[in-house]
Each structure stands twice: as C-alpha cells, then as structure tokens.
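Listed below, chain by chain, are the residues.
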Number of protein chains: 4
Amino acid sequence: MAKSKFEYVRDFEADDTCLPNCWIVVRLDGRNFGRGGFSEQHEFKKPNDDRALQLMTKCAQTVMEELEDIAIAYGQSDEYSFVFKKKSRWFKRRASKFMTHVVSQFASSYVFYWKDYFKDQQLLYPPGFDGRIVLYPSNQNLKDYLSWRQADCHINNLYNTVFWMLVQRSGLTPMQAQERLQGTLAGDKNEILFSEFNINYNNEPLMYRKGTVLIWQKINEVMTKKIKLPKDAEEKEVEVTRTRTKVVPLHCDIIGDQFWEEYPEILAEDS
Amino acid sequence: MAKSKFEYVRDFEADDTCLPNCWIVVRLDGRNFGRGGFSEQHEFKKPNDDRALQLMTKCAQTVMEELEDIAIAYGQSDEYSFVFKKKSRWFKRRASKFMTHVVSQFASSYVFYWKDYFKDQQLLYPPGFDGRIVLYPSNQNLKDYLSWRQADCHINNLYNTVFWMLVQRSGLTPMQAQERLQGTLAGDKNEILFSEFNINYNNEPLMYRKGTVLIWQKINEVMTKKIKLPKDAEEKEVEVTRTRTKVVPLHCDIIGDQFWEEYPEILAEDS
Amino acid sequence: MAKSKFEYVRDFEADDTCLPNCWIVVRLDGRNFGRGGFSEQHEFKKPNDDRALQLMTKCAQTVMEELEDIAIAYGQSDEYSFVFKKKSRWFKRRASKFMTHVVSQFASSYVFYWKDYFKDQQLLYPPGFDGRIVLYPSNQNLKDYLSWRQADCHINNLYNTVFWMLVQRSGLTPMQAQERLQGTLAGDKNEILFSEFNINYNNEPLMYRKGTVLIWQKINEVMTKKIKLPKDAEEKEVEVTRTRTKVVPLHCDIIGDQFWEEYPEILAEDS
Amino acid sequence: MAKSKFEYVRDFEADDTCLPNCWIVVRLDGRNFGRGGFSEQHEFKKPNDDRALQLMTKCAQTVMEELEDIAIAYGQSDEYSFVFKKKSRWFKRRASKFMTHVVSQFASSYVFYWKDYFKDQQLLYPPGFDGRIVLYPSNQNLKDYLSWRQADCHINNLYNTVFWMLVQRSGLTPMQAQERLQGTLAGDKNEILFSEFNINYNNEPLMYRKGTVLIWQKINEVMTKKIKLPKDAEEKEVEVTRTRTKVVPLHCDIIGDQFWEEYPEILAEDS
C-alpha cells in the first residue's frame with residue numbers, strides 16, 4: 001500500500017495566494033435564513049430579533065479572537081464581513097484558508113452559543129453559511145465596501161420596519177404590504193412610519209439602523225486582589241489595573257469620516 | 001445614504017468558477033485536533049476514538065444530504081473529503097461556495113450532534129475546520145486521490161496502533177515510543193504488534209484500518225401502516241415498501257478495482 | 001543601489017499553473033484584421049486570400065517547430081489554435097508562458113515570412129494578435145473544441161462566398177448583400193451559389209471550406225549521397241533514407257470520427 | 001454541421017480579469033537572447049549594442065502608441081516592462097489580452113523595424129519573447145518594481161562592462177574573466193575599470209547605466225504652412241504650433257524621488 005505512487009495528485013492543488021498589500025475581506029451569509037427558512041422556523045422576531053443579532057455578534061467576536069489579523073468586522077441581519085489586515089501573512093494569504101476558517105469557526109460557534117441567547121427556543125438543525133473573499137487595494141476601496149454594507153443595512157431595515165408595521169399593526173397581508181411599499185422612497189417610508197404608527201425612524205435602536213461594528217480596543221481592567229506580605233499580619237485588598245485588547249461592538253455610522261478619524265489605528269499600515 | 005455610489009466595490013469580486021467536466025474535491029481537516037489540542041482536551045481514546053470517528057461520519061452524512069451533487073465521501077482521523085460530480089452545476093461551480101458550504105455545514109453539525117456521541121463529555125469550545133478544493137480531470141486521477149487518502153489512513157493507523165501500545169502497555173514515554181519506531185517498516189510494526197502485544201493488525205477494526213466511505217445506496221424500507229377502508233369494520237395493518245436513496249457508510253478497500261466494479265454508478269458520467 | 005530592498009515586489013507575481021492532465025489550447029486572432037482593417041489595407045482577395053492563409057499556416061508551423069509539446073493545430077481565416085499535450089510539463093505549465101510564446105513567435109514570423117507570400121505587396125505596419133488559453137479535461141471536450149472551430153469555418157466561409165459573389169459579380173453593395181442574406185439558411189445559400197453563379201459549394205477548395213489542420217507526420221526522406229570506400233576506385237552514389245518528424249498541413253474534416261481513427265497517436269495519452 | 005452542439009466548449013474559458021485599482025505591469029523578455037543565442041548569432045556588440053537597444057525602444061514605443069492606457073515603460077537589455085494605468089478598463093482588464101497584445105505587437109515590430117537599425121546585418125530567424133503580468137496595488141509598490149528593474153540594470157551593466165573589458169582588452173577567456181570577478185563588490189569593479197582600463201564608470205553612457213524610460217510628453221510642433229487668402233496677391237508662409245502627446249525616451253534615475261516629482265502626472269489617479 002505504497003502511498004508514493006498516488007502522491008502525484010497533490011500537484012493538482014492550485015495556488016490561491018491573495019495579492020499582497022490588499023485588504024482581504026471575507027463575508028459570510030446565513031444559508032436559507034430568509035422567508036420560510038431558518039429564521040421563521042426558529043420564530044425570529046420581525047423585523048429584528050435581538051437574540052439572533054447578538055448571537056451573530058458573539059460568533060463574530062469568537063472568529064476575531066480565534067483567528068489572526070482581523071482588523072475590523074461589520075455585521076447586519078444574517079451576514080458578517082471580516083477584514084484582514086493588508087500586511088497579513090496568516091497562512092501565507094491562501095484564500096481557501098481565510099474563507100474556511102472564518103465560516104467553520106462562525107458556524108460551530110453559532111450552535112455552541114445558541115442556547116445562551118435563545119434559551120427555551122430549541123435549535124432544530126445545524127445551520128449552514130456561505131462565504132466569499134474579496135480583495136481591496138486601497139483604504140478608500142475598503143471604506144467604500146463597508147459603507148456599501150451599512151447603506152444596505154439602512155435600506156433593508158427601513159423597508160422591513162415599515163413592512164412589518166403594516167403587517168403586524170395594520171393587518172395587511174405580506175403581499176399587500178409589499179404592494180403598498182412598491183416604488184416608495186426613503187422619505188415616503190419615514191412618513192408612513194410617523195403618520196400611521198407614530199414612529200420616528202431615527203429613534204429606532206442604533207443596532208438595527210447601523211448594524212454592528214467590531215473593533216479591537218484597549219481595555220483597562222481593574223481587579224481586586226487579596227495579598228498578604230510577610231511583614232503583614234493580615235491579608236489586604238489591592239487594586240490591580242491590567243490593560244487588555246478586546247473585541248468591542250459599536251453601533252455607529254462608518255460611512256462618514258468621523259469613525260475613521262476616531263479610530264485611525266484600524267487603517268494604519270503597520271497596525 | 002445612497003447605496004449606488006458604493007456598489008462599484010462588487011467589481012472587485014473575482015470569478016472562481018471551477019473548470020467544467022472535472023471532479024471537484026473538497027477536503028476538510030480539524031483545526032488543532034492533534035497533540036495538545038482538541039482531541040486531548042476532550043479525552044479522545046488513543047489511537048482511535050469510536051465516538052469521534054462516528055461523529056465525523058454523522059457530520060459528513062449531513063453534508064451529503066444537505067448539499068447537492070456529492071457522489072462519494074471519504075474520511076479518516078479528523079479529515080473528510082467530499083467528491084462533487086463532474087457535471088455538477090451547483091452554484092455555477094463557484095469554488096468558494098463549495099468550500100464554505102461544506103465546512104460550515106460540517107462545523108455546525110459537529111457541535112449539534114456532539115452530545116449524541118460524547119454523552120457526558122462536555123464540548124469545551126466551538127472547534128474550527130479548514131478546507132481546500134482540488135479538481136481532478138479523469139476518473140483515474142480521482143481514484144488515485146482517494147487511494148492516496150486511504151493509503152495515508154493505513155500508514156498513520158498502523159503507526160498509531162503500535163505507538164500507543166508501546167505507551168499504554170509497555171509504559172514507554174511518547175518520546176521513547178517515537179524513537180523505537182524511527183526507521184521501522186510496515187513489516188517491523190506488524191511484528192512488534194504480534195510478538196509483543198499478541199495483536200494481528202489485520203484483525204483490527206476495518207473502520208480504523210480503512211477509514212469510512214460514504215456512498216448513496218437505494219434502500220428498501222418496509223413500513224407498517226394502519227388503514228381502515230370504508231367497507232372494513234376494523235383497521236388493518238398493511239406493509240408498505242418504499243425505495244429511498246440514503247447515505248451509507250462502508251469500511252472497505254477503495255484502492256483496488258473491486259470497489260469500483262461493485263459500484264460503477266459512482267463514476268458513471270451521468271450519475 | 002541595493003537591489004534586495006526592492007525584491008519583495010516579486011511576491012506579487014501570481015502562480016498561473018494550468019491544471020495537470022488537461023489539454024491546453026492557445027487560440028490567437030489577428031487584431032483588427034477585418035472590415036476596414038489589416039486585410040483591406042493589404043488588399044486581401046475576398047472571400048479568401050491564398051497568400052494570407054498560407055502565411056498564417058507558415059507561422060503556425062514555425063510555432064509548432066519552435067515551441068514544445070504541440071500535438072495539433074487548427075487554423076482558419078485570421079485565427080489559429082494550438083493544442084499542447086495533456087501531459088506537457090513545458091515551463092511547468094504556466095499559462096502566461098504558453099500564451100506569450102505562441103503569440104510572439106507567430107507575430108514575428110508573420111512579418112519575417114510576409115514577403116515570401118505577398119511578394120510585391122508591401123507590409124504597411126507590424127500587425128498585432130491576441131491570444132487566450134483554455135483547458136479541456138477530456139479527449140471528447142478537445143474534439144468538440146476543434147469541431148466548434150471547424151463548424152465556424154464552414155459557416156463563415158459559406159456566408160462569405162455568397163456575400164462576395166453578390167458584391168463582386170452581381171454588383172450589390174455590401175449593405176444590399178447583407179440584407180439579401182439576412183435570415184437565409186445553409187440550403188438557401190447553396191442554392192443562390194448554384195442558381196445565380198453556377199457554383200457548387202462542395203467543389204470549392206478544401207482549404208477554404210475545412211481550414212487547415214497541422215499534425216506531426218513521420219516523413220521518409222530519400223537523399224542521394226556520394227561515397228567513396230577505400231576499396232573503391234571511384235565515388236558511387238547511394239540512396240539514404242532518413243525518417244524525420246515534420247509538421248504537415250491537411251485540409252480535411254475533423255468533426256467526424258474518421259480523422260481521429262486515422263491518426264490515433266494525436267490523442268494517445270503518452271504521445 | 002450545426003455549430004451549436006459544440007458551443008458548450010466556451011464554458012471552459014476561465015475569467016482572468018485583473019483586480020481593479022491596481023497597476024498592471026506586463027514585462028517581456030527576449031527568448032534565448034543570451035549566450036550562444038540570438039544576440040551572438042546576430043553579432044551584437046558587447047557589452048551593449050546601440051542598435052539592439054534602440055530597436056527594443058522603437059518596439060516599446062510602438063506598443064505604447066498602438067495599445068491603450070500605458071502610463072510608463074521601462075527597458076534594459078532584452079527586457080521591457082509596460083505599466084498600464086490603475087483605472088484602465090481596456091479589454092475589461094483581462095490579463096490574457098494585456099499580455100498577448102503587448103508581446104505580439106512587440107515581436108512583429110521587432111522584425112518590422114529590424115532593418116532600420118541593423119542595416120546590413122540580416123535577421124536570421126523570427127525571434128520569440130515571453131511575457132508575464134503582475135499587479136501592484138500601491139504607487140509605492142509600483143515605484144519599487146521599477147526601481148528593482150533599474151537596480152538590476154545597474155548591477156548587470158557594471159558587471160558586463162568589466163567582464164567584456166577583461167575579455168576584449170586584457171585577452172582573458174570568458175571563464176577567466178568570470179573567475180576574476182567572482183565575489184567582487186561594486187567598488188572593486190569600479191576600481192578595475194579605472195585602474196586597468198582608465199574608465200570612469202560614471203562617464204559611461206546613461207542609456208547603458210540607467211536603461212530607458214518611456215513616458216508621454218506634450219510636444220509643441222511648429223509647422224510652416226503656405227496659405228493664400230482671397231485678398232492676397234500671393235501665398236504667404238505662416239507658422240502653426242500644434243500640441244501633441246508623444247512617447248519620449250529618457251535615460252535617467254527613477255529610483256530616487258526626483259523623477260516622480262518632476263513627472264507627477266504618471267502616478268496621478270485620473271491620468
């Protein structure tokens with residue numbers, strides 16, 4: 001059973017190294033999470049289910065902590081984008097490694113942490129996710145990518161907010177709600193929300209309207225420690241401050257310049 | 001918040017269509033499952049843990065049932081290879097779709113089904129898997145790929161069987177066992193097993209020596225149904241036979257011709 | 001002027017190795033050879049110019065002789081396809097090497113041999129060619145590729161033959177000829193040729209109707225040599241037969257089985 | 001002879017679009033131009049043959065003028081690099097188009113313009129060139145690429161200058177000259193040139209030491225035109241100034257900042 005005569009099959013593996021000096025983005029999406037799919041079967045609240053959004057973010061945090069060189073992540077609905085640093089040399093920049101590590105870690109975390117968020121709601125089957133990888137050469141390209149996802153979040157959330165109001169409060173069928181919204185602009189939808197449901201869209205939770213940004217932040221942790229020195233008669237409590245780098249969720253605008261000015265280290269070449 | 005000015009970023013997505021008329025193989029491996037890693041932390045029995053192997057196979061079955069066009073799968077240790085049909089048009093043959101669907105479905109299944117196999121052994125953290133994709137143009141190339149993996153299974157299992165005997169029964173340290181085996185051939189290892197531990201390697205379980213092959217088989221299911229026709233006074237039991245296609249695990253040699261002659265439909269062009 | 005600090009730029013070169021065990025086809029086309037372009041500026045006879053076709057074939061022969069592992073080539077009009085052997089390891093199967101060697105050798109040969117075919121017709125400027133590379137996993141795929149090009153030759157040549165008869169003999173403007181042929185089938189075009197111009201299309205030269213196939217053939221060359229042995233009083237002439245492998249042009253059907261049965265060595269695995 | 005049943009073979013063509021917003025560099029090299037090859041067979045003067053270098057530059061100019069979006073080119077010895085603009089949309093940025101157009105245009109030009117430079121020296125056979133394509137995301141990466149090539153020019157030219165002095169003037173065999181230079185540094189080579197051959201390397205022609213940079217320059221052409229207005233009795237001569245953009249060769253340093261400061265338009269985003 002000589003292995004060597006078969007080893008030639010390794011030559012069929014193609015090189016999939018990512019071009020150096022580009023941002024590497026891996027975006028994943030839930031498989032069949034929409035209409036009639038996973039979210040309905042698991043009774044997600046519409047238009048937004050806090051448990052589901054928080055579970056997604058917990059999984060994304062796990063991905064950032066377990067894998068290497070992720071500078072920032074952005075999530076909304078059933079999708080999450082992970083941005084690896086331009087200079088990352090993780091797994092020699094092989095595209096398949098980036099994609100499969102991200103989606104497998106995310107998927108296993110989704111099942112692992114499910115019960116922490118969904119309590120009594122049983123997970124019926126193991127969900128699937130798909131992923132893709134895209135390279136962005138310049139910082140502007142990367143910011144535009146993230147802006148694209150956040151603008152998508154806004155457009156979808158505004159639509160879904162009105163849609164589900166019409167269905168849940170006004171008793172329209174989904175079909176009727178859809179027809180009502182056909183061709184309406186953002187202003188029209190804001191107006192419906194305000195005049196018919198007394199909702200000011202701008203007061204809706206930021207997590208729904210802006211999605212979730214995950215970044216690394218230095219955190220000062222103050223711990224209380226009991227110590228007893230030889231000279232002391234008794235234990236004393238002392239406070240110890242430790243600085244750690246942690247993944248922190250934000251729900252803020254990332255389309256304008258302010259975010260990038262506040263956190264310049266994200267795009268810094270040698271961060 | 002016009003989305004359109006950012007949509008140009010979609011042009012950066014590269015096409016990753018697989019060459020038509022080639023077998024598409026996705027192989028996944030557990031991340032850090034070895035020494036000091038996942039398998040030790042979860043107290044896997046050495047050299048083979050039935051629970052772990054059976055969980056791997058359960059996940060692989062789920063992948064075959066949930067995804068499309070998988071003709072055959074082969075697994076051993078913490079790896080599994082999935083072979084998509086030459087003619088598959090699933091997701092337009094996009095490599096990233098094949099890889100990410102396989103590994104995410106496998107990873108979520110691993111956590112989901114863990115407790116069915118590991119009972120009281122708690123899963124400590126969500127595991128990761130990595131994957132790669134390889135194309136094989138001819139049937140011979142594909143058979144050689146699978147032979148390569150099965151020969152690898154044999155070589156590793158023979159080594160591990162002796163290694164752990166030396167450690168568990170003869171009390172050698174891992175380092176000593178490794179030194180003892182340095183430079184030995186298959187015959188030497190068989191001889192150690194036989195003379196020192198009275199083990200005939202060929203009698204070791206097939207699952208350990210050959211790994212696991214998953215194929216689609218037609219199964220006749222006989223179900224008992226209770227029916228009551230209008231003319232009948234009482235319900236009667238009848239037997240109903242239904243033919244279904246099911247994923248079936250085998251532990252057999254796939255290097256020789258016999259397997260391929262027995263299951264010609266696996267390689268059949270239009271299967 | 002240390003070179004080493006810049007050498008990192010080599011890491012940006014992507015691997016473009018062709019999948020093993022596939023036929024590698026490089027097809028080139030003349031750049032702007034059509035209407036108002038190179039062929040008009042150089043007064044090519046319409047619909048077919050023997051000088052131009054023969055020059056193309058001379059260049060293709062040069063490519064086959066100068067480069068390695070080309071099993072067969074097929075040309076028509078201003079295009080030529082070169083088929084490299086499945087098992088070729090030339091330049092480690094790097095796609096860019098195959099493409100650029102083919103088109104550069106072809107282009108330089110085109111200018112170099114121009115005067116041998118075009119005599120008094122001056123070459124006005126250096127022509128350009130573009131190329132592409134395609135992989136075909138199976139022999140059937142390759143035969144279908146070549147059939148596709150030959151069917152294209154047939155369709156274009158039939159059209160062009162009628163078109164130019166209508167323009168040259170019936171005095172139609174190109175626009176009128178085009179309108180006349182709009183929507184006609186092959187049978188209609190044959191009928192116009194026969195009834196209006198007394199031309200039986202099937203008697204048109206094979207080179208126009210079938211294009212040109214280039215294959216390697218063993219050739220017995222008989223040379224006459226003068227020798228004088230010590231025992232001889234005078235020189236004698238002797239005939240020496242030498243077997244060489246040469247590129248030979250054919251103008252035959254390659255869509256049906258006959259050609260492939262006659263020259264089985266072209267597709268033979270280890271040829 | 002239905003073409004349609006074969007058209008499926010087009011699906012085997014892979015997409016080779018270059019990542020947007022990156023500099024696209026195509027570098028070509030003469031095939032077998034070195035020792036015992038093309039340059040010897042055509043009696044190139046050593047270490048530098050002005051005719052050969054000027055012919056290379058003439059071909060490169062033709063490439064820049066015939067193709068689109070080339071911002072700058074750099075050549076030395078038997079190689080030339082062409083840099084396409086970051087924003088180029090030429091042929092949808094398909095890598096094969098860039099490579100094959102460059103090398104075929106260059107190769108046909110080489111034969112076409114040969115006699116303008118080599119006069120009585122006959123071209124013996126059509127030369128080949130190979131090409132490759134590389135992407136550079138940032139301006140710094142591109143400048144470093146060009147610096148790499150110019151540093152290579154310097155190192156090779158210094159070596160070749162001494163080597164050929166030793167052979168041509170000191171009568172060493174090539175082997176002896178090579179051994180003499182083994183392990184010498186730049187300073188040593190300068191010293192040999194100066195002390196043994198009274199040559200100050202820095203006075204050697206810039207074209208040899210720096211290679212050739214091709215850029216687009218606005219040129220004011222002053223033409224003399226004869227005109228005769230109705231009111232005039234006779235024709236008068238007038239001068240007309242026309243501004244054209246032309247490819248201009250420079251032999252200057254491109255490693256330092258000065259060149260890029262002098263010609264900022266080369267790297268300008270929307271140039």
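Note that this is a predicted model, so its numbers are computed, not measured.

*Asks:* I keep staring at the interface of chain C and chain D and nothing clicks. Help me out?
*Replies:* Taken together, the contacts link 57 residues of chain C with 56 residues of chain D. For the pair chain C and chain D, the summed buried surface comes to about 4900 Å²; carbon and sulfur atoms form 64% of the total. At the junction of chain C and chain D, the tally comes to four salt bridges. One salt bridge in this structure joins K97(D) and D130(C), with 2.3 Å as the shortest N-O distance. Where chain C packs against chain D, one counts 20 residue pairs in polar contact (both at pLDDT 80 or more). Elements with a contribution of two residues or more to the side of chain C that touches chain D: α2 (50-66), α3 (95-118), β4 (129-136) and α4 (139-168) of chain C. Here the side of chain C that touches chain D gets 14 residues from one element, more than from any other, and that element is α3(C). Taken together, the residues of the side of chain C that touches chain D break down into 28 nonpolar, 15 polar and 14 charged.

*Asks:* How should the UniProt feature "binding site: GTP" (unreviewed entry) in chain A be read in this particular structure?
*Replies:* Residues and elements named next belong to chain A. Look at the UniProt record and you will see "binding site: GTP" (unreviewed entry) annotated at S77 and D78. Tracing the backbone through its elements, the reader meets S77 in the loop between β2 (70-76) and β3 (79-84). The contact partners of S77, leaving out residues within four places of it in the chain, are L53 and M56. With respect to the secondary-structure elements, D78 resides in the loop between β2 and β3. If sequence neighbours within four positions are ignored, D78 has contacts with L28, D29, G30, F33 and M56.

*Asks:* I keep staring at the pattern of salt bridges and nothing clicks. Help me out?
*Replies:* Pairs can form between side chains of opposite charge whenever their charged atoms are close. Applying the stated rule across the entire model yields 37 salt bridges over all chains. In this structure, D49(B) engages R51(B) in a salt bridge whose closest nitrogen and oxygen atoms are separated by 2.6 Å. Classification of D49(B) by relative accessible area gives buried; the value is 6%. Using a relative accessible area of 25% as the deciding quantity, one classes R51(B) as partly exposed. E221(C) is the salt-bridge partner of R244(C), the closest N and O atoms lying 3.3 Å from each other. One end of the pair, R244(C), is in strand β6 (residues 236-250); the other, E221(C), is in strand β5 (residues 212-227), with 23 residues separating them in the sequence. A cluster of three or more residues bridged by salt bridges with shared partners is formed by E79(A), R149(A) and D152(A).

*Asks:* What exactly am I supposed to notice about the interface of chain A and chain B here?
*Replies:* Across the boundary between the two partners, chain A contributes 56 residues, which contact 57 residues of chain B. Summing both partners gives a buried area of about 4900 Å² for chain A against chain B, and 64% of it is carried by carbon and sulfur. Here chain A and chain B share four salt bridges between them. Seen at the junction of chain A and chain B, the total is 20 residue pairs in polar contact (both at pLDDT 80 or more).

*Asks:* How should I be thinking about the packing of helix α2 (residues 50-66) of chain A against helix α3 (residues 95-118) of chain A in this particular structure?
*Replies:* Helix-helix packing is described using two parameters, namely the angle between the two axes and the distance between the axes. Residue and element names in this part refer to chain A. The N-to-C vectors of α2 and α3 enclose an angle of 135 degrees; their axes lie 8 Å apart at closest approach. As the angle between them shows, α2 and α3 are arranged oblique. Between α2 and α3 lies a crossing whose hand is right-handed. In this structure, α2 uses R51, A52, Q54, L55, M56, K58, C59, A60, T62, V63 and E66 to contact α3, whose residues at the interface are V102, Q105, F106, S109, Y110, Y113, W114, Y117 and F118. The residue inventory of the contact of α2 with α3, partitioned by class, reads 13 nonpolar, four polar and three charged.

*Asks:* Where do I start with the packing of aromatic side chains in this structure?
*Replies:* Per the stated rule, a full pass over the model turns up 112 aromatic pairs over all chains. Ring centres 6.0 Å apart and planes at 85 degrees place the aromatic pair F38(A) and F44(A) in the edge-to-face group. Given the relative accessible area of 13%, F44(A) is considered buried. Of the aromatic side chains, those joined through ring pairs into one cluster are F33(A), F38(A), F44(A), Y80(A), F82(A), F106(A), Y110(A), W114(A), F118(A), Y125(A) and F129(A). Just above the ring of Y113(D) sits the side chain of K58(D); from NZ or CZ to the centre is 4.7 Å. Here the guanidinium or amino end of K115(D) rests over the ring plane of F112(D), the centre of that ring lying 5.5 Å away.

*Asks:* Would you take a moment to explain the sheet that holds strand β3 (residues 79-84) of chain C for this structure?
*Replies:* Note on sheets: strands pair through backbone hydrogen bonds, and any given pair is parallel or antiparallel. All names here are of chain C. Spatially, the six strands line up as an open sheet ordered β4-β1-β3-β2-β5-β6, and their pairing is antiparallel. The outermost strands of the open sheet, each flanked by one partner alone, are β4 and β6. Between one strand and the next, the sheet's axes are offset by a mean angle of 25 degrees, whatever the strand orientation. Of the pairings in the sheet, the one linking strand β2 (residues 70-76) to β3 comprises six bridges and is antiparallel in character. Across the sheet, the residue bridging to Q76 is E79, located in β3.

*Asks:* Help me understand the relation of the copies chain C and chain D in this model?
*Replies:* To go from the first copy of the chain to the second, apply a rotation about an axis and then a shift along the same axis. Laying chain C over chain D is done by rotating through 180 degrees and shifting 0.0 Å along the axis; what remains is an RMSD of 0.1 Å. What the rotation and shift describe, once combined, is the action of a two-fold rotation axis.

*Asks:* I tried to follow the UniProt feature "binding site: Mg(2+) 2" (unreviewed entry) in chain A on my own but got confused; where do I start?
*Replies:* Residue and element names in this part refer to chain A. Sites flagged by UniProt as "binding site: Mg(2+) 2" (unreviewed entry) map to D29 and D78. These annotated residues cover 50 residues of sequence, and their C-alpha atoms lie no more than 5.7 Å from one another, placing them together at a single site. Contacts of D29, omitting those with residues within four sequence positions, involve D78, E79, G128, F129 and D130.

*Asks:* Before we go on, may I ask you to explain the pairing of β4(C) in this structure?
*Replies:* The side chains of a regular strand alternate, residue by residue, between the two faces of the sheet. Residues and elements named next belong to chain C. In terms of residue burial, β4 counts as a mostly covered element, since eight of its eight residues are buried. Of the two faces of β4, the one carrying F129, G131, I133 and L135 and the one carrying D130, R132, V134 and Y136 are both buried. With eight bridges connecting them, strand β1 (residues 23-30) and β4 associate as antiparallel partners. Residue pairing across strands places V25 opposite V134, the latter belonging to β4.

Criteria and cut-off values
Residues numbered from 1 in each chain as written. Chains lettered and ligands numbered in written order. Predicted model: local features only at pLDDT ≥ 70, side-chain atom pairs only at ≥ 80, totals over all residues. Heavy atoms only, no water. Contact = heavy atoms within 4.5 Å. Buried area = accessible area lost by both parts, 1.4 Å probe. Salt bridge = Lys/Arg side-chain N within 4 Å of Asp/Glu carboxyl O. Polar contact = N/O pair within 3.5 Å; in protein donor to acceptor, adjacent residues only side chain to side chain. Helix = DSSP H or I, 4+ residues; strand = E, 2+ residues; numbered from the N terminus. Nonpolar A, V, L, I, M, F, W, Y, C, P; charged D, E, K, R; others polar. UniProt positions renumbered as here; feature names shortened; annotations may be inferred. Buried < 20%, exposed > 50% of the residue type's maximum accessible area, 1.4 Å probe, protein only. Axes fitted to C-alpha atoms, helices over the stretch in contact; angles between N-to-C directions. Parallel < 35°, antiparallel > 145°, perpendicular 65-115°, else oblique. Left-handed = near helix turned anticlockwise from the far one by under 90°. Phe/Tyr/Trp six-rings, centres within 6.5 Å; stacked < 30°, edge-to-face > 60°. Lys NZ or Arg CZ within 6 Å of the ring centre and 35° of its normal. Pairing = 2+ DSSP bridges. Least-squares fit on C-alpha atoms with pLDDT ≥ 70 in both.

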